[in-house]
Amino acid sequence: LRYLASDAGWAPSYDIKAEELDKPIELIYRAKVFNNTDIDWKNVKMKLSTGDPTQSASQPKLDPWYLNYNTQWNYNYGKGKSMSQVQLTEQSQGYTQKMDINADYLSNRNIFQKGNMEFEEIAVSEMSAEFDIKTEYSVPSDSKPYLVDVVEYKIPAIYKYYSVPKMDRDAFLLARVIDWEDLNLVEGPANIYFGNTYIGQSYIFTRSVSDTLDISLGRDKKVMVTRTKLKEFSSKKLIGSSRKETFAFEIVIKNNRKSIVDIDVVDQLPVSQDSEIEVSALEITKAEKNDLTGELTWKIKLEPDKAQKMNLSYSITHPKSKPVETNKYRAKTMAKF
């Protein structure tokens, strides 16, 4: 006897564990299975699928597939950012557009109520994936989620650090996984562990045409980055009808790990939007410079127990009769008494 019941289903849940920077990632693929059919399942064999069980008998027809910039993001994104994966992008603006879109997606998910349960609309591949569960499980008909082990993977990863010392003194570690499409992952939450320590919860976001999946492993306190203003090289001067302000900073990276770290350190120069305001880069120590945004990137490989210094200095010249905000501030909240 076979029958189709609509009040049952599953959602993915992941544990991602990284031990060291020279070892593969362990990805434990689990499913949260629920049963609300009024019939308890006792020691049943399961096959989990991303396919549609209500398939039509009619032949399929293709809709036009239009390509444009970011056509895969069909959601009304907002500005809220939560989740540990997103904190990296919030602190380091513009590393990858994909990660920013992840943040907005997470705060604007399409969640709806059906009966006494909540459901979420996600994206899955057009090619259905199926998983034969080797162990038999019992799932009572109580609408509660029960964990089912699906499969475990050992995944080679490329580890990379990012740091924006202007905004945060910590370095953020990313694990970059290539050819992740072969893993049949479904969008869902992931518990992140690094070195046997629970880091927090992230989100595996598969809605991307990229062949590289970035997984944030959070902050790494063993890679230290400082940014210090050099007062002796910073100054304010009046030159005729103009005011010239010079700013100088020293950035120091210290690798306290026992292995080489690959890190991108990001800072910025102000960008003038007025012909009367002149910005000059005095020293940027071989940084890659984006002339449009003023972003500076130092790509560094740092040996164990070594430190490296970079100098950043620039000047801003403007008419003294027209004040210019030469410092950048961030919005914060505080108690008001």
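Scroll up a little and you will see the structure.
These lines cover the structure that appears in this document, whether it is placed above or below. (Residues numbered from 1 in each chain as written. Predicted model: local features only at pLDDT ≥ 70, side-chain atom pairs only at ≥ 80, totals over all residues. Heavy atoms only, no water.)

**Some details on the side chain of S216**
Stage number 1. Relative to the helices and strands, S216 is located in strand β14 (residues 212–229).
Stage number 2. Here the side chain of S216 touches G218 through a polar contact of 3.3 Å, landing on its backbone nitrogen. (Helix = DSSP H or I, 4+ residues; strand = E, 2+ residues; numbered from the N terminus. Polar contact = N/O pair within 3.5 Å; in protein donor to acceptor, adjacent residues only side chain to side chain.)

**Digging into the environment of P156**
Stage number 1. With respect to the element layout, P156 can be found in the loop between β9 (146–155) and β10 (158–163).
Stage number 2. Along the primary structure P156 and E26 are separated by 130 residues, whereas in three dimensions their C-alpha atoms are 9.0 Å apart.
Stage number 3. Excluding anything up to four places from it in sequence, P156 contacts P24, R176 and V177. (Contact = heavy atoms within 4.5 Å.)

**Here we look at the pattern of salt bridges**
Stage number 1. Tallying each qualifying case throughout the model produces 17 salt bridges.
Stage number 2. Residue K301 pairs with D262 through a salt bridge whose shortest N-O separation is 3.6 Å. Of this pair, K301 sits in strand β20 (residues 295–302) while D262 sits in strand β17 (residues 261–268), and the two are 39 residues apart along the sequence.
Stage number 3. On the accessibility criterion, D262 (22% relative accessible area) is partly exposed.
Stage number 4. Here the residues in one salt-bridge network are K160, D262, D264, K299 and K301, joined through shared partners. (Salt bridge = Lys/Arg side-chain N within 4 Å of Asp/Glu carboxyl O. Buried < 20%, exposed > 50% of the residue type's maximum accessible area, 1.4 Å probe, protein only.)

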